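Understanding the architecture of this molecule
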4 protein chains.
Amino acid sequence: MKKLSLAICVILITSTVYAQQPVPEATELYVELQKVTPGNGAGAPSDAIILFDGNDLSQWQSQKRGLGASMVDMKDVIPLLRAEADGEDAPWFVENGEIVVNPGTGYIETRQGFGDVQLHIEWLAPPAEGKSGQLYSNSGVFFMGMYEVQVLNSYENPTYNNGQASSVYKQHIPLVNASKPVGEWQTYDIIFMSPKFSDKGTLVSPARVTVFHNGVLVQNNVELLGPTCYIGTPYYVAHEPKLPIALQDHGDPMRFRNIWLREL
Amino acid sequence: MKKLSLAICVILITSTVYAQQPVPEATELYVELQKVTPGNGAGAPSDAIILFDGNDLSQWQSQKRGLGASMVDMKDVIPLLRAEADGEDAPWFVENGEIVVNPGTGYIETRQGFGDVQLHIEWLAPPAEGKSGQLYSNSGVFFMGMYEVQVLNSYENPTYNNGQASSVYKQHIPLVNASKPVGEWQTYDIIFMSPKFSDKGTLVSPARVTVFHNGVLVQNNVELLGPTCYIGTPYYVAHEPKLPIALQDHGDPMRFRNIWLREL
Amino acid sequence: MKKLSLAICVILITSTVYAQQPVPEATELYVELQKVTPGNGAGAPSDAIILFDGNDLSQWQSQKRGLGASMVDMKDVIPLLRAEADGEDAPWFVENGEIVVNPGTGYIETRQGFGDVQLHIEWLAPPAEGKSGQLYSNSGVFFMGMYEVQVLNSYENPTYNNGQASSVYKQHIPLVNASKPVGEWQTYDIIFMSPKFSDKGTLVSPARVTVFHNGVLVQNNVELLGPTCYIGTPYYVAHEPKLPIALQDHGDPMRFRNIWLREL
Amino acid sequence: MKKLSLAICVILITSTVYAQQPVPEATELYVELQKVTPGNGAGAPSDAIILFDGNDLSQWQSQKRGLGASMVDMKDVIPLLRAEADGEDAPWFVENGEIVVNPGTGYIETRQGFGDVQLHIEWLAPPAEGKSGQLYSNSGVFFMGMYEVQVLNSYENPTYNNGQASSVYKQHIPLVNASKPVGEWQTYDIIFMSPKFSDKGTLVSPARVTVFHNGVLVQNNVELLGPTCYIGTPYYVAHEPKLPIALQDHGDPMRFRNIWLREL
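The structure reproduced in this document is the subject of the present report. This is a predicted model, so every value here is computed, not measured.

On to the overall build of chain A, then. What chain A contains, in helices and strands, is 1 helix and 17 strands. Counting the 264 residues in chain A, one finds 64% classified as buried. Relative to all contacts within chain A whose residues are 6 or more apart in sequence, the contacts with residues 24 or more apart total 68%. A total of about 9,300 Å² of accessible surface is found on chain A, and carbon and sulfur atoms cover 51% of it.

Here's what the structure looks like:
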């Protein structure tokens, strides 16, 4: 290796005299680093893309692309997933600086597509008398429109554990249940690493997710098996490197606020 | 596989009639999950071990075990690293509910040993006229006494980038510089996964670290090469699965507060 | 960090004069490395444990520990899994230097327990008229008695793809189908990394598997979801760090030869 | 999630009657899998790209792009690395169906660029009286022109261990030394996963390498820190997803044969 002409590294040579002793300087690395001004508390850092700051749904659109409940075959669905900025306006509400799901109007999704991100989102499950399990205040954050971190009231509301709040739906149980009661704001801080595909369409690396629920680590860099499936066994199909993030309309008037992400 | 007698899985059979269609229930998993009450803001969750809550240094001891600057050979050092509860009291100060480094008295370390953890710690770099680089408000969090996440004033204080705040010292540059100015409190939220060794002493999996600096992801599940080295090239030597976390005395009156961790 | 007394690294200091220039020697590392004499072709290296070399089944025992088909609840099964050297002799055959499954006598397992290993094993699926799918020459390699790499005739013998040869049974489809026809010897070269659990019993890192089937990469460091399940959804339950490797009796007279492993 | 319209999964519904019991079929997955005919022994599988089969160097070209020993700054080098098919012919020899390095003529590289691959290569270090260390029969396999797995006579020829045969040069020591003596053919079977970069140029996932040396696992999915450096500390700079594989001319008449890879 001694004659390598491709030495791509940091070398600080200020003299032509070479020495024989290792020195601390030999492992000190100088590169250019981006400066980011952190936010206050859960506020957005300076390099974040603000998806909702209390004002309007301009960053979101209706997820209307003919995706009905009968469409469960991947060959049909994957081609429909794409980042596009020309969708119809998101038909949900903004109240008191909060997004409110408009039940029955369908999912909403970001107008912009995203791949690897750090996402912050806050959500509130409203109380609902007589409801339980998956029917008690349910929504979800769908990365790339298909990889879901579940949103659900899971405070003293038993359901299958790979379907409770902060689960990777039907794939990964959270490490613990860090839920707050209905009516209280909760936070997700998520690292989502998108799957990578070769140009042949084979999977090169699976999607990975880390989740902090209300500040508690609940998913620790888990691998996803493929897109989220309600029925059946997931597997990967190659798709675009950036796709919109969607929020689920599951029929409940869930609330969201303070949504931002940083592209990694 | 059909006759496998070791099927360790979740099967809910309420009838002897088997069906031929996949159903949503087939992928619903019921296990027992621990409940954790999250803290308020950066407050400690209910399952946390509080390392400092503003009162005293009872969880800490002096790191006095004959580790002097001349001891740089791993064969000498590793056997000295161990969790022990009988050390001398930590010789640092508590002021206004904050830990203050007592320069010149040496590192302090937890009385208890830890392996894989989620750690929250807050720190403040005091202003210091005329100082710069590594000499301007320096300390460090040493997991297992040897894997350091750097603590340093890195706000408009250039140094080598694998030695700035939130670097894995001399191993991994942070993704961005999310530093606040001197005199302001800063936070680290860290996932530290300890290295695993076989009973032959070989490395089975390296240490891994994820760091959020002031809420900004700066280390994304990076692999460590071995213990932190000021000079030379790190490599792993097998050690105990749990060892104390140490805080560095680098000669500066750094401040710490609100320190807690959760064992993973 | 400058005053760190725990510098565990390689430093070659032959002089007290420190230099200021990085030199190639600064990143040259000297440690003691074990020497291994490689085998010829697929032969065992000098540090391998030979599980079968053509002579006898002395390294194997009958997997008789009351594990019947009705025992599908993990709480019952996990405590029964353990390395023990006092089992009954393995009731399978040795013919022409090959192991032959004795259908109906049950699984066999190694007398010794293993965790992280590199395993080499060769197998042959005999022709069997009129059989198809999972019933056509089926067996399996069960790491730790519960994590299966499937053994099956998958040459022009369609079945579900997460159940074909070299699949991680019902968890990971192979990348390609590299099967040879029945009657020909086939090889698996497998890296199995065992799951790691905390002393609280939580999962710290999942099992991981890499498989070469007849020299072709078919599983690339995939994460396992838990023990292999014929029915239902797998999840992890803490167990001993070393457990026997089992070979499955699925009713077919499969053949095995040249079995060795290296502990990692 | 119950109303999810994006269920991208495998569902086999042959009837409209849904059942309540999990069945084995619920976790059986049918997809289309490529068939690969494995080679004999270390022979190339049917989907391999043959880089050298004993005949000629038509797959290789001279690595002549002005990369001299003085070019050590990454800003200069990275833009020069690219897959191009119009290079000058490789100035090395073919003798007895083997490639022989032509010392002094420089590296050679594949005409085609590659990213994630499974590579098989065989090499022979000739005896050379009076030589030792890095000067005794040295070459290297450079993935993407910059990530080196070292080729060196390391049989009773001590050198720094992160520079011996099958090391990731100056980054990862092999787990054991599985070298054969000079004059004997040796094999590398390597899984190389290329680094992935965001469109901002940040590192999304580092390069990873697994190496079997003469059939013995010596690198187990290790992360690379950046391109190989003879002097100094490596770090990543974004580059093309596919770049040529290079073989090093280190001044010794090393021999290579039977070179093939599979794109992953």
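So, next bit.
A few words now on the relation of the copies chain B and chain A. Superposition record for chain B on chain A: RMSD 0.0 Å, screw rotation 180 degrees, translation along axis 0.0 Å. Expressed as a symmetry operation, the mapping of one chain copy onto the other fits a two-fold axis. A high fraction, 100%, of the interface residues of chain B reappear at the interface in chain A, so the copies pair face to face through one surface.

In this structure, Ser166 of chain A takes a positive phi of about 75 degrees despite not being glycine. Tracing the backbone shows Ser166 of chain A in the loop between strand S9 (147-152) and strand S10 (185-193). A positive phi angle, close to 55 degrees, is found at Met144 of chain C, a residue other than glycine. Tracing the chain through its elements places Met144 of chain C in the loop between strand S7 (138-143) and strand S8 (147-152).

Across the boundary between the two partners, chain B contributes 46 residues, which contact 46 residues of chain A. Around 4,000 Å² of area is buried between chain B and chain A when both sides are counted, 61% of it from carbon and sulfur atoms. Summed over the shared surface of chain B and chain A, the number is 2 salt bridges. Lys170 of chain B is paired through a salt bridge with Glu28 of chain A; the nearest N and O atoms lie 3.5 Å apart. Taken together, the connections running from chain B to chain A amount to 21 residue pairs in polar contact (both at pLDDT 80 or more). At the level of secondary structure, the elements contributing two or more residues to the side of chain B that touches chain A comprise strand S10 (185-193), strand S13 (208-213), strand S14 (216-223) and strand S16 (255-263) of chain B. The dominant element in the side of chain B that touches chain A, judged by the number of residues it contributes, is S14 of chain B, at 4 residues. Grouping the amino acids of the side of chain B that touches chain A by side-chain chemistry returns 25 nonpolar, 15 polar and 6 charged.

Residues and elements named next belong to chain B. Pairing is antiparallel in the open sheet, where 5 strands are placed in the order S3-S6-S15-S8-S9. The open sheet has two edge strands with one neighbour each: strand S3 (60-62) and strand S9 (147-152). With 2 bridges joining them, strand S6 (residues 108-110) and strand S15 (residues 246-247) adopt antiparallel strand pairing. Looking at S15, one finds that Ile108 is bridged to Leu247.

Scanning the entire structure with this criterion turns up 48 salt bridges over all chains. Ionic pairing is found between Glu263 of chain A and Lys242 of chain A, a salt bridge with its closest N-O pair at 3.0 Å. Within this pair, whereas Glu263 of chain A is found in strand S17 (residues 255-263), its partner Lys242 of chain A is found in the loop between strand S15 (233-234) and strand S16 (246-247), the two being separated by 21 residues in sequence. With a relative accessible area of 18%, Glu263 of chain A lands in the buried category. Put simply, Asp252 of chain D and Lys131 of chain D hold a salt bridge, and the shortest N to O gap is 2.9 Å. Of the two residues, Asp252 of chain D sits in the loop between strand S16 (246-247) and strand S17 (255-263) while Lys131 of chain D sits in the loop between strand S7 (117-124) and strand S8 (138-143), which places them 121 residues apart along the sequence. Taken together, the shared-partner salt bridges in this structure form one network comprising Arg208 and Glu223 of chain A together with Arg208 and Glu223 of chain C.

Here we take up the pairing of strand S14 (residues 216-223) of chain D. Residues and elements named next belong to chain D. Within S14, 7 of the 8 residues are buried, which leaves it mostly tucked inside the rest of the structure. When strand S13 (residues 208-213) meets S14, the two strands line up antiparallel, connected through 5 bridges. By the bridge assignment for S14, Arg208 is matched with Glu223. In sequence, S13 turns back onto S14 through a hairpin of 2 residues, with Asn214 there showing a positive phi of about 50 degrees.

The antiparallel open sheet is built from 5 strands, whose spatial order is S2-S5-S15-S7-S8 (chain C). Either end of the sheet is taken by a strand with one partner, and the two such strands are strand S2 (60-62) and S8 of chain C.

The subject of this paragraph is the side chain of Glu223 of chain C. Looking at the element boundaries, Glu223 of chain C is found in strand S13 (residues 216-223). Here Arg208 of chain C takes part through its side chain, which lies 3.0 Å from a polar atom of the side chain of Glu223 of chain C. If near-sequence neighbours (up to four positions away) are discounted, Glu223 of chain C is found in contact with Arg208, Asn221 and Glu223 of chain A together with His172, Pro206, Ala207 and Arg208 of chain C.

Right, let's talk about the packing of aromatic side chains for a bit. Counted by the stated rule, this structure contains 34 aromatic pairs over all chains. With centroids separated by 4.6 Å and ring planes inclined at 5 degrees, the aromatic side chains of Phe143 of chain B and Phe192 of chain B adopt a geometry described as stacked. Within this pair, whereas Phe143 of chain B is found in strand S8 (residues 138-143), its partner Phe192 of chain B is found in strand S10, the two being separated by 49 residues in sequence. For the residue pair Phe143 of chain B and Phe192 of chain B, the accessibility class agrees, reading buried in each case. Taken together, Phe143, Tyr147, Phe192, Phe197 and Tyr236 of chain A form an aromatic cluster joined through their ring pairs.

Conventions and cut-offs
- Residues numbered from 1 in each chain as written.
- Chains lettered and ligands numbered in written order.
- Predicted model: local features only at pLDDT ≥ 70, side-chain atom pairs only at ≥ 80, totals over all residues.
- Heavy atoms only, no water.
- Helix = DSSP H or I, 4+ residues; strand = E, 2+ residues; numbered from the N terminus.
- Buried < 20%, exposed > 50% of the residue type's maximum accessible area, 1.4 Å probe, protein only.
- Contact = heavy atoms within 4.5 Å.
- Areas by Shrake-Rupley, 256 points an atom, 1.4 Å probe, with all protein chains shown as cover.
- Least-squares fit on C-alpha atoms with pLDDT ≥ 70 in both.
- Buried area = accessible area lost by both parts, 1.4 Å probe.
- Salt bridge = Lys/Arg side-chain N within 4 Å of Asp/Glu carboxyl O.
- Polar contact = N/O pair within 3.5 Å; in protein donor to acceptor, adjacent residues only side chain to side chain.
- Nonpolar A, V, L, I, M, F, W, Y, C, P; charged D, E, K, R; others polar.
- Pairing = 2+ DSSP bridges.
- Phe/Tyr/Trp six-rings, centres within 6.5 Å; stacked < 30°, edge-to-face > 60°.

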